[in-house]
Amino acid sequence: MKKITALALALAMALSLTACGGGNAPAKSTPAAGSNNASGSAPAGSVDLSNLSVTCVVPYDAGGGTDAVMRGLADAAKGSFKNITVENRSGAGGATGMLYGAQAKNDGSIVTMITVELATLEAMGNNAGLTYTQFKPIMMVNSAASAITVKADDDRFDTLEDFIEYSKTNKVQVGNSGIGAIWHLAAAGLAKTAGTEFNHVGYDGAAGAITDLLGGHIDAVAVSYAEVNSFVQSGELKVLAVMANDRLEAIPDVPTCKECGYDAVLGTWRGLGVPANTPDEVVDELYRIFSEAAESDAFKEFMANTNNVIDIMDGPSFNTMIGQQLELYTGLVEDLGLKIG
Amino acid sequence: MKKGNLVLAAVCAVLGVGIIAVASGYPKAADYGTGVPGPGLWPIVISIVLLACTAILIYRTLKMSPEKNTKIELWTTGTRRVYLTMGILFVYLLVLPFLGFIIATFVLELIFIQWFAKKNPIITAIISAAITMVVYCAFRFVLNVPVHTFGIFTI
Amino acid sequence: MSLLAEIFTTSLTPMVFLYMAIGVLSGICIGALPGLTATMGVALLLPMTFGMDAAQGILMLLGIYCGAIYGGSISAVLLHTPGTPASAATAIDGYALSQKGEAGRALGTATLSSYIGGLVSVACLWLISPLLAKLALKFSSAEFFLLAVFGLCIIGNISGEDVEKGLICGSIGVLVACVGIDSVTSYIRFSPEGNYNFMGGINYIPIMIGLFAMSQAFENIESIFEEEEVQAKLTNILPRKEDLKKIIRIAPLTGLIGTFIGIIPGAGADIGSFVGYNVARSIAKEPELFGKGSVEAISGPEGGNNGVTGGAMIPMLTLGVPGDAVTAIMIGALTIQGLTPGPMLFSTNKVLVYTIFLGMFIANTLMCLFGFAGIRLFTKVLSVPKVILTPAIFVLCVIGSYAMKNSLFDVWVMLIAGVVGYFLAKVKVPTSPAILGLILGPMAEKNFRTALLKSGGDPSVFFGSVIAWFFIFLIVISLFGGKIKALLFKKKAI
């Protein structure tokens, strides 16, 4: 059952329909085909990594969303290294793989996909010694915001305000992908901002929560828009608001929580990191290679096909952001009384 | 059989009581305030089932008819061989992270096949190398399992 | 008719057949290797489909899926090593038959039953999937809890003579599954401080490999220098008439049940096979043979686990909700192609949907053909001298348990499970209940508590729906069915 959780969690991401920002070519070519001419350009940094064999560690199972993003990016960057392979090291909610990556060799040969769990696991206290300072972030690659979603034929809620007001007098059941997981914390964050309380119901992955919502067993889910997109399109579910800074391109009519007066911007993100003691010039060169790969048409098309949003941020700002997120989630976890040990 | 059953019962009793002792220290339902049983309830319930079954086992063992009471041989040439095998595998797992998969596995196969098959050492070596390489290549290259990431010899 | 023509001209090209054949073959191999499950196989080969079109990609994955679920039975029969958890129930009687020198008969039964189970589920998928899809949504935590409890009741039937020993083993399985982060409160149970290997919970695949394969290998060591009396005779690859009768009686029914299990999100082929075993036992002509090498006992779980394949596709295609872990990956495969599974798929991509239906039928047929053609080849494994086969099994156990999560900790778990399994076998404790407990224990606990969370602590949720009562009925029957039967027969006698 754990596998299913991890898969469903990851799938959540793969499902997102939000179109990617760039002007991507709509032609249906295979994502694996393009972008191996990156090796032609001369390295700009002081180190040459073209003879390095790079292993990308994904802290979740193969076939999930995190895995898909990493494989797509590795494919787009394959011309810049001697070779590049993707390795899955799942377990303990992502802690296993990230700990492995944090303790790896510092020559840039092991690049780890770091995700929002880097902050949430530590906030929860089940990080097994994992902390974000063990990493030197290279860049953020993509992100997705939480979307408050209810049944389309639910007359009680037409707007987020309805939902919040209703929750103040009644018990609403809000489903998430797992207790302490990002969507749980996102829903809790909204409740905290709005001064109300939800009854959080944790599932093994977002799919279970959505199924229960479709069956009318709970009132709402707070997962990413990607995960509910197909049901919104078929008219079975509706999104009340998204916890993003700006409205999503796929659903321009749906307001953000900020617009509704609840300042909650919460969601998941993924990026790349190397051990903290990696030399700066190696990190710079990795940033150059991977940001080039992330802006390649092949990767853009891949991300559009898998419905992921590309959201690039450089290493130092990414590092600052992770620190802020940790603080935010630590506060939330304390409010929720979820802290372990 | 009787003795074996009683040893099993003793182990289970210790396990059951131990788990109940640990799990009763876990947070209670009231600590969460949601009306949901705490993390300790389920292990306690299952431990009670375990203890109940253990009690039945003891009762049935004591009333066991003598003809059903077959002797369990735990110290024959055969079982001693098994214990030695277990020991070798234990050592193998201990050295595996340092020697890497290929060397450790080749040596392991060499030991076992030479011991069991008593063939010409060269043939043994060839068979061991073949098994090791087939398994290694199938998992490393076809199935993409990273069996090469630990040990001194990483290719 | 025009739809059919369109399917054959546009999507079911010879190339697709080739991909499907590759998929089924690699699926069988992956399934037969302990430690590599159907989920892993599909996930590992998923990147290969990125370059294909939608029909090619999804049908290759389907081939892997069907092949792997069947392939697990090959090593279960020949080596007492279920290749995937879905074949754990098959190992019991399959290996018993194999030891009598009737490996061919066991494999033939498994192949034909898998085929029948697969066919039944494809038929359901084709004919009544929109109807059945609604059923999946009716399942909520309370129903899942009762389903899991029903599954746990099967322990009584796979325990042989001493039911209390089976229950002891099952309880230990459930307790082992408690280790790690509790998913309802995220409290860490029975785990050494700060050890993330325990924190994430103990994976049951290495335990299964240890309990079945490793302990069996240890037992082989005991008599490693003795001449092997049993040589596998390759008679009866095609099932005999009386076997055929039994298979036809059992496999379609367990296939149908497997389909229903598949539809329920979160219940996969492993549960389908155990329920199949249980049903087979209750309707068998010779239930006394169960555990000693019964054809019916192989037919039941094999029909059940392959029945799950089509069933799991139903909610995936009609609702966009995965029926099990494999179909969850398939949703990913479809979205990469720019397709969104769900109600819209039937109207916007009718040809693709029917290509999948037809393709699944073909994949099952290929599986059956490869299966029968390969039985001679598979059983060659048994002619490898024990003195070489056993050390090779050790290596396979080690690497198989490592492969799941690329973790050496899992290899230790496997070895310890193997040692424990060896001694449990000495005191005649059946080990398959432990697997059942490991799989169903967490499902029962989590859903029990989630149901109460949703109802605010009100236990009446467990009696609140027709499905709930249906499972309560099944639980009562499976616990006291024998006694009720006896009572009825007594009355008739008077």
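Residues numbered from 1 in each chain as written. Chains lettered and ligands numbered in written order. Predicted model: local features only at pLDDT ≥ 70, side-chain atom pairs only at ≥ 80, totals over all residues. Heavy atoms only, no water.

Novice: What is the right way to read the interface of chain B and chain C from this model?
Specialist: How big an interface is tends to be stated in terms of the accessible area lost upon association of its parts. The interface of chain B with chain C comprises 69 residues on the first partner and 62 residues on the second. Interface of chain B and chain C: buried area, both sides summed, is about 5600 Å²; carbon and sulfur atoms make up 82% of it. Considering only the surface of chain B that becomes buried against chain C, B:W42, B:L93 and B:F116 emerge as the three largest contributors, covering 13% of it. Remark: the boundary between chain B and chain C carries two salt bridges. (Contact = heavy atoms within 4.5 Å. Buried area = accessible area lost by both parts, 1.4 Å probe. Salt bridge = Lys/Arg side-chain N within 4 Å of Asp/Glu carboxyl O.)

Novice: Sorry, what's going on with the pattern of salt bridges here?
Specialist: As a working rule, side chains carrying opposite charge can pair if their charged atoms are close by. All names here are of chain A. Enumeration according to the criterion identifies 24 salt bridges over all chains in this entry. D154 is the partner of R156 in a salt bridge, and the nearest nitrogen-oxygen pair spans 3.0 Å. Residue class for R156 comes out partly exposed when judged on its relative accessible area of 35%. K192 is paired through a salt bridge with D335; the nearest N and O atoms lie 2.9 Å apart. Placement of K192 in helix α6 (residues 182–194) and of D335 in helix α11 (residues 315–336) is noted, with a sequence separation of 143 residues between them. (Buried < 20%, exposed > 50% of the residue type's maximum accessible area, 1.4 Å probe, protein only. Helix = DSSP H or I, 4+ residues; strand = E, 2+ residues; numbered from the N terminus.)

Novice: Explain helix α2 (residues 14–32) of chain C here, please?
Specialist: Turn by turn, an α-helix covers 3.6 residues, leaving residues three or four places apart pointing in a common direction. Residues and elements named next belong to chain C. An ideal rise of 1.5 Å per residue puts 27 Å on 19 residues; α2 measures up with 27 Å between its terminal C-alpha atoms. Among the residues of α2, those classed as buried are V16, M20, A21, G23, V24, G27, I28, I30 and G31. Check the buried side of α2 and you find it contacts α1 (2–11), α3 (38–49), α4 (54–79) and α16 (350–383). (Expected span 1.5 Å × (residues − 1).)

Novice: Sorry, what's going on with the domain arrangement of chain B here?
Specialist: The domain boundaries assigned to chain B delineate domain 1 (2–68) and domain 2 (77–142). Its C-alpha centre places domain 1 of chain B at a distance of 39 Å from the equivalent point of domain 2 of chain B. (Domains from an automatic or database assignment.)

Novice: What exactly am I supposed to notice about the packing of aromatic side chains here?
Specialist: Each aromatic ring pair is described using two quantities: the centre-to-centre distance and the angle formed by the ring planes. Counting across every chain of the model gives 33 aromatic pairs over all chains. Ring geometry for C:F448 and C:F462: centres 5.3 Å apart, planes at 15°, overall stacked. Here C:F448 is found in helix α19 (residues 432–455), whereas its partner C:F462 is found in the loop between α19 and α20 (466–493), with 14 residues between them in sequence. On the basis of relative accessibility, which here comes to 22%, the residue C:F448 falls in the partly exposed class. An aromatic cluster of at least three residues, connected via ring pairs, comprises B:W75, B:Y83, B:F112, B:W115, B:F116, C:F218, C:F225, C:F394, C:Y422 and C:F423. Taking NZ or CZ as reference, A:R89 lies 3.8 Å from the ring centre of A:Y100, over its face. (Phe/Tyr/Trp six-rings, centres within 6.5 Å; stacked < 30°, edge-to-face > 60°. Lys NZ or Arg CZ within 6 Å of the ring centre and 35° of its normal.)

Novice: Sorry if this is basic, but what is going on with a nonpolar patch on the surface here?
Specialist: All names here are of chain C. A cluster of nonpolar side chains, F473, V476, I477, L479, F480, I484 and L488, forms an exposed patch at the surface whose accessible area comes to about 630 Å². Tracing the sequence through the fold places I477 in helix α20. Classification of I477 as partly exposed rests on a relative accessible area of 37%. (Patch = residues over 30% accessible without salt bridge, like charges linked within 9 Å, V, L, I, M, F, W, Y side chains within 5 Å. Areas by Shrake-Rupley, 256 points an atom, 1.4 Å probe, with all protein chains shown as cover.)

Novice: How do you make sense of the pairing of strand β4 (residues 135–145) of chain A when you look at a structure like this?
Specialist: Both faces of the sheet carry side chains from a regular strand, because those side chains alternate between them. Residues and elements named next belong to chain A. Across the eleven residues of β4, ten count as buried, placing the element largely inside the fold. Here β4 pairs with strand β10 (residues 267–275) via nine bridges, running antiparallel. Paired with S143 across the strands is W269, a residue of β10. Relative to strand β11 (residues 310–314), β4 runs antiparallel, the two sharing three bridges. Considered in β11, the bridge of M140 is made with M313. (Pairing = 2+ DSSP bridges.)

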